Amino acid sequence: FSMILYITKKTKDRFNIPLYSELTDELELLARNILVKEQDDIFKWGVKIFYFDRRKCLQIMNFASKVSIFLIDIKVQDVKEISNMLAHYLKIIYEDDLEVVELLDRYFKETPISFFDTLKDRSVIGSLNHNERYFLEGGYRLYDFIENGTLHTIRLNKQFNFRYIVGKKSNGKTEYIVPGEEFKKMLSQRYEILYNQEF
């Protein structure tokens with residue numbers, strides 16, 4: 001598997017991000033093969049730019065669980081490290097839950113490569129827009145996380161993922177979930193099944 005980062009057009013343009021179809025021939029072929037096989041939403045992430053204090057920031061949201069990471073003040077040259085930054089923040093927000101940290105190790109071991117593609121899923125776009133409008137308040141909410149001149153991004157990410165409730169459509173019905181708990185549940189289910197298959 002690989003991690004697929006689906007980006008909005010504005011995100012692609014502002015950060016000059018190459019899509020898998022714009023890569024060198026060998027890499028493009030690898031990406032196409034992976035994307036054709038890629039089915040599981042747990043490996044898909046929607047990515048959208050937003051601004052805070054005129055700085056470029058990114059919201060990265062998991063398709064399946066809605067768990068989201070907000071990266072602040074991201075430069076164009078940082079883009080190639082997005083998947084590493086995502087992994088870093090996920091491990092930090094779950095640092096008190098050793099079971100999830102271990103599951104995350106398995107998750108990222110299973111997705112050693114990441115590619116960018118165009119975000120077309122309207123439901124995911126709607127969720128990204130909703131988070132930006134109602135949780136981030138267009139970016140203004142971030143001022144609440146500044147203390148002594150420092151923006152506490154870990155507290156911001158923990159608050160969204162463990163205290164904020166979002167809607168998720170399932171079989172035509174909307175259920176309300178806590179993203180961090182939903183992601184843990186999905187990781188547990190996935191790797192418990194894989195573990196049982198291995199033995």
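Refer to the preceding data block for the structure.
Given the structure is predicted, the values throughout are model-derived calculations rather than measurements.

What counts and what doesn't
- Residues numbered from 1 in each chain as written.
- Predicted model: local features only at pLDDT ≥ 70, side-chain atom pairs only at ≥ 80, totals over all residues.
- Heavy atoms only, no water.
- Pairing = 2+ DSSP bridges.
- Helix = DSSP H or I, 4+ residues; strand = E, 2+ residues; numbered from the N terminus.
- Axes fitted to C-alpha atoms, helices over the stretch in contact; angles between N-to-C directions.
- Phe/Tyr/Trp six-rings, centres within 6.5 Å; stacked < 30°, edge-to-face > 60°.
- Buried < 20%, exposed > 50% of the residue type's maximum accessible area, 1.4 Å probe, protein only.
- Lys NZ or Arg CZ within 6 Å of the ring centre and 35° of its normal.
- Salt bridge = Lys/Arg side-chain N within 4 Å of Asp/Glu carboxyl O.
- Contact = heavy atoms within 4.5 Å.
- Polar contact = N/O pair within 3.5 Å; in protein donor to acceptor, adjacent residues only side chain to side chain.
- Core = buried A, V, L, I, M, F, W, Y, C linked by side-chain atoms within 4.5 Å.
- Parallel < 35°, antiparallel > 145°, perpendicular 65-115°, else oblique.

Turning our attention to the sheet that holds strand 3 (residues 55–62). Strand order in the open sheet formed by five strands is 4-3-2-1-5, with mixed pairing between adjacent strands. Each of the sheet's edge strands pairs with one partner strand only, and the pair in question is strand 4 (68–71) and strand 5 (114–118). On average, adjacent strands in this sheet sit at an angle of 30° to one another, irrespective of strand direction.

Of the strand pairs in this sheet, strand 8 (residues 166–170) and strand 9 (residues 173–177) are connected by five bridges, and their pairing is antiparallel. Each bridged residue has a counterpart across the sheet, and for G167 the counterpart in strand 9 is Y176. Hairpin connection between strand 8 and strand 9: a loop of two residues separates the two successive antiparallel strands, and N171 in this loop has a positive phi of roughly 55°.

This part takes up the packing of aromatic side chains. Scanning the model with the defined rule gives 15 aromatic pairs in all. Ring geometry for Y107 versus F183: centroids 5.9 Å apart, planes at 80°, classification edge-to-face. One end of the pair, Y107, is in helix 4 (residues 98–110); the other, F183, is in helix 7 (residues 179–198), with 76 residues separating them in the sequence. A relative accessible area of 0% means that F183 is categorised as buried. An aromatic cluster is built from F43, W45, Y94, Y107, F108, F162 and F183, whose rings are joined through pairwise contacts. Lying across the ring of Y191, R190 places its NZ or CZ 5.7 Å from the centre.

Let us now look at the pairing of strand 2 (residues 44–52). Counting buried residues in strand 2 gives eight out of nine residues, a clear majority hidden from the surface. In this structure, strand 1 (residues 3–7) lies alongside strand 2, joined through four bridges in parallel fashion. In the strand pairing of strand 2, L5 is matched with W45. Pairing of strand 2 with strand 3 involves eight bridges; the strand directions are antiparallel. When the sheet's bridge partners are listed, G46 is paired in strand 3 with M61. The hairpin turn running from strand 2 into strand 3, its antiparallel successor, is two residues long, and D53 in that turn takes a positive phi close to 55°.

Per the counting criterion, the structure on display carries 16 salt bridges. Of the charged contacts in the structure, one is a salt bridge between R55 and D53, with a shortest N-O distance of 3.8 Å. Residue classification places D53 among the partly exposed positions, given a relative accessible area of 44%. One network of salt bridges, in which partners are shared, links D53, R55, D73 and K75.

So, about the environment of E22. Position of E22 relative to the elements: it lies in the loop between helix 1 (9–15) and helix 2 (25–37). Classification of E22 by relative accessible area gives partly exposed; the value is 44%. When the C-alpha positions of E22 and R155 are compared, they lie 37 Å apart, and in sequence the two are 133 residues distant. Those residues in contact with E22, other than ones at most four positions away along the chain, are K12 and I17. Looking at E22, its side chain comes within polar contact range of the side chain of K12, at 3.2 Å.

Taken as a class, soluble globular proteins show a tendency for nonpolar side chains to be buried jointly. Core analysis: the largest hydrophobic core is formed by 37 residues, its most contacted members being W45, L90, Y107, F183 and L187. By size, the runner-up hydrophobic cluster in this structure holds 14 residues, among which are F135, L142, L156 and I177.

This paragraph deals with the packing of helix 3 (residues 82–93) against helix 6 (residues 153–163). Close contact between helix 3 and helix 6 brings their axes to 10 Å; oriented N to C, the two are set at 70°. Judged by the inter-axis angle, helix 3 sits roughly perpendicular to helix 6. For the pair helix 3 and helix 6, the contacting residues are Y89, I92 and I93 in the first and T153, I154, N157, K158, N161 and F162 in the second.

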